[in-house]
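# Descriptive analysis of the structure
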Amino acid sequence: MSTTPEAARTDPYTLTPEGIKEPPVGWRASFRYLGPGLILSASIVGSGELIVTTTLGAEVGFALLWLVIFSTFVKVAVQVELARWTIATGQPALTGYNRVPPRLGRMGWVNILWMVLALTKLLQLGGIIGGTAVAFSILMPIGGEPLEFRSLLIWTVFLAVGSIALLYSNNYSLIERGAVFLVVVFSFVTIVIALGLPLTPFAYSAGDVGSGLTFLIPAGALGAALAMFGITGVGADEITFYTYWCIEKGYARWTGPNDGSDEWARRANGWIRVMYKDALVSWVVYTFGTLAFYLMGAAVLHPQGLVPEGNGMITTLSRIYTDTLGEWANIVFLVGAIAVLGSTMWAAIPSWSRMYVNLLATMGVLDWQDPVARLRWIRVFTVVLPVLWAVAYLTIQSPVLMVQIGGVMTGVFLVATVVAVWYLRRTETDPRLYGGSVFNGLLVVSSIAIGLLGVYTLLQVFGVGIG
């Protein structure tokens, strides 16, 4: 099918002089142009925070509070630098990844590694759809007792089909509005509960918080800690798909094609500053959400020796609410859990659909610049991916393990992401768009930290070296 002239004129991935728009100045004027980061937040405050972060708090108490803060903060500079390249070039992440040498035929090594990540993410996102099905099954069991296979099967199928129906249009505005609603709901409920813990029998003190800032990893917690680092805050997948949402919001199109002029550089830097604000707002949202979940796991579950496992994950996590507020709060928790996990599904389906299609485009299966073919393929994956995730969950039925496996691989792929970011910065980003000295210093620190932890993951989790 050929591209229509109208589709080409309105396509956010096609940069034309007609699409140029002056960037806003200041927070008030910029507010209406924020949005990609809220889709990011909807994805982040889900699997990592509700499942992995709370589980880690239940396992080790307050000891790794420092890692929660470090994990959410350290990766933002890499996210922003990749988005800077995207705004300057109008190209999404996997297009750039594919140009990083060495290459194997049409494929760059980063995209080959991305395919391995995608396979593990089938498990992680299967864990998300499974966790949501468990919450629905407890709240409204169908055809038997809660957590019986029949009830889980029905709810899993319902979630997969419902997600496909809601997201099939792949309209950016719809995805953004849904993400904003879900972020507001789960952020408000979770933070209120966490801040209210000092008024309950599971109160935590300043000393408890201080004990979690000692920069140590307790014995036996390394695997969970590495999974948490890979999955909390912006992971490799969120860093990658943030570029697609920056383009679809319009940042690159409004900047226009690079004609080498000072006017283009001024516009580009203006829209990059808007992207900075967008990334900052999302960082605040998911950092507070992450801290809230960790504090609840450490303060409520850890003293009782409760660690979320298997399909009992939701039941165990609900103890955070029922043990502090009473049995009536179980319904509140289940609704909150559905909002939190559902937000990850809401953001993940269209995000991963775009990344899969971009990968196929780098392999020559389609022309990424053809908006008609691109949307057709995105809709194919919008249908296929929820089905695959549902099958993965119904086969394994261990949401915590499934999410942790995806988290570890995400940590490994972060190293490849850092390599790609520095390559694209050096070879394709206009030097007039580089960040200031403070940002560049943070980018170096972030890159080193991600690199060291990625190597450590390989050595320890996969048994490559340290004996």
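Quick caveat, the model's predicted, so the values are computed rather than measured. (Residues numbered from 1 in each chain as written. Predicted model: local features only at pLDDT ≥ 70, side-chain atom pairs only at ≥ 80, totals over all residues. Heavy atoms only, no water.)

When you go through the chain residue by residue, the secondary structure sums to 19 helices and two strands. Counting every position in the chain, which comprises 467 residues, the buried fraction comes to 60%. When contacts within the chain are restricted to residue pairs at least 6 apart in sequence, those whose partners lie at least 24 apart make up 84%. A total accessible area of about 17,600 Å² is found for the chain, and carbon and sulfur atoms account for 69% of it. (Helix = DSSP H or I, 4+ residues; strand = E, 2+ residues; numbered from the N terminus. Buried < 20%, exposed > 50% of the residue type's maximum accessible area, 1.4 Å probe, protein only. Contact = heavy atoms within 4.5 Å. Areas by Shrake-Rupley, 256 points an atom, 1.4 Å probe, with all protein chains shown as cover.)

Counted according to the given criterion, the structure contains eleven salt bridges. The residue Glu248 makes a salt bridge to Arg354 at a minimum N-O spacing of 2.6 Å. In this pair, Glu248 sits in helix α12 (residues 236-249) while Arg354 sits in helix α16 (residues 329-362), placing the two residues 106 residues apart along the sequence. No difference in accessibility class separates Glu248 from Arg354, as the two residues are buried. By sharing partners, the salt bridges in this structure join Glu22, Glu263 and Arg266 into a single network. (Salt bridge = Lys/Arg side-chain N within 4 Å of Asp/Glu carboxyl O.)

What follows covers the nonpolar core. Residues Leu64, Trp114, Met275 and Trp352 are the most contacted members of the largest nonpolar core, which totals 135 residues. For this core, the leading source of residues is helix α14 (residues 262-301), giving 20 residues. Setting aside chain neighbours within four positions, we find Leu64 in contact with Leu56, Gly212, Leu216, Ile217, Pro218, Ala221, Ala225 and Tyr294. (Core = buried A, V, L, I, M, F, W, Y, C linked by side-chain atoms within 4.5 Å.)

Moving on to the confidence of the model for the chain. With 86% of its residues at a pLDDT of at least 70, the chain reaches an overall mean of 84. Averaged over each element, pLDDT in the chain is lowest for helix α1 (residues 5-10) (63) and highest for helix α6 (residues 93-97) (98). (pLDDT = per-residue confidence, 0-100.)

Moving on, we come to the packing of aromatic side chains. Taken as a whole and assessed by the stated rule, the structure comprises 21 aromatic pairs. Their ring planes at 80° and their centres at 6.1 Å tell us that Tyr244 and Trp368 sit as a pair that is edge-to-face. Taken together, the residues Tyr244 in helix α12 and Trp368 in the loop between α16 and α17 (371-396) connect sequence positions 124 residues apart. The exposure class of Trp368 is buried, given its relative accessible area of 6%. Taking the centre distance of 6.0 Å and the plane angle of 25° together, the rings of Tyr276 and Phe439 count as stacked. Of this pair, Tyr276 sits in helix α14 while Phe439 sits in helix α19 (residues 437-461), and the two are 163 residues apart along the sequence. One cation-aromatic arrangement involves Arg84 over Phe439; the distance from NZ or CZ to the ring centre is 4.9 Å. Across from the ring centre of Trp27, 5.8 Å away, lies the NZ or CZ of Lys277, which sits over that ring. (Phe/Tyr/Trp six-rings, centres within 6.5 Å; stacked < 30°, edge-to-face > 60°. Lys NZ or Arg CZ within 6 Å of the ring centre and 35° of its normal.)

With their axes 11 Å apart at the nearest point, helix α8 (residues 149-167) and α16 run at an angle of 60° to one another. Between α8 and α16, the angle falls in the class oblique. When the axes of α8 and α16 are compared, the crossing they make is right-handed. Of the residues in α16, those touching α8 at Leu159, Ser163, Leu166 and Leu167 are Met345, Trp346, Ile349 and Pro350. By residue class, the composition of the contact of α8 with α16 is seven nonpolar, one polar and no charged. (Axes fitted to C-alpha atoms, helices over the stretch in contact; angles between N-to-C directions. Parallel < 35°, antiparallel > 145°, perpendicular 65-115°, else oblique. Left-handed = near helix turned anticlockwise from the far one by under 90°. Nonpolar A, V, L, I, M, F, W, Y, C, P; charged D, E, K, R; others polar.)

Along the chain, the position of Arg374 falls in helix α17. In this structure the side chain of Arg374 is engaged in a polar contact, spanning 2.4 Å, whose partner is the side chain of Asp11. If we ignore the near neighbours within four places in the chain, the residues touching Arg374 are Asp11, Tyr13, Val357, Leu366, Trp368 and Gln369. (Polar contact = N/O pair within 3.5 Å; in protein donor to acceptor, adjacent residues only side chain to side chain.)

With that out of the way, let us pick up unusual backbone geometry. Looking along the chain, the bond that leaves Pro101 and enters Pro102 is cis, with omega of 0°. With respect to the helices, strands and loops of the structure, Pro102 is situated in the loop between α6 and β1 (103-104). In the Ramachandran plot, Asn170 falls in the positive-phi region, its phi being about 55° despite a non-glycine side chain. Position of Asn170 relative to the elements: it lies in the loop between α8 and α9 (172-196). Overall, the relative accessible area of 8% leaves Asn170 in the buried class.

Glancing now at α16. Compared with the 50 Å implied by 1.5 Å per residue over 34 residues, the 49 Å span of α16 between its first and last C-alpha is a close match. Gly364 sits one or two residues past α16 and shows a positive phi near 90°. (Expected span 1.5 Å × (residues − 1).)

Turning next to the environment of Arg84. Looking at the element boundaries, Arg84 is found in helix α5 (residues 76-89). Of the residues examined, Arg84 reaches a relative accessible area of 1% and is grouped as buried. Distance from Arg84 to Met275, taken between C-alpha atoms, is 8.2 Å for residues 191 residues apart in sequence. When neighbours within four sequence positions are excluded, Arg84 is seen to be in contact with Ile272, Met275, Tyr276, Thr429, Leu433, Tyr434, Gly435 and Phe439.

It is worth spelling out the side chain of Thr132 at this point. One can find Thr132 in helix α7 (residues 109-139). By relative accessible area, Thr132 is classed as buried at 1%. Those residues in contact with Thr132, other than ones at most four positions away along the chain, are Leu159, Ile338, Leu341, Gly342 and Met345.

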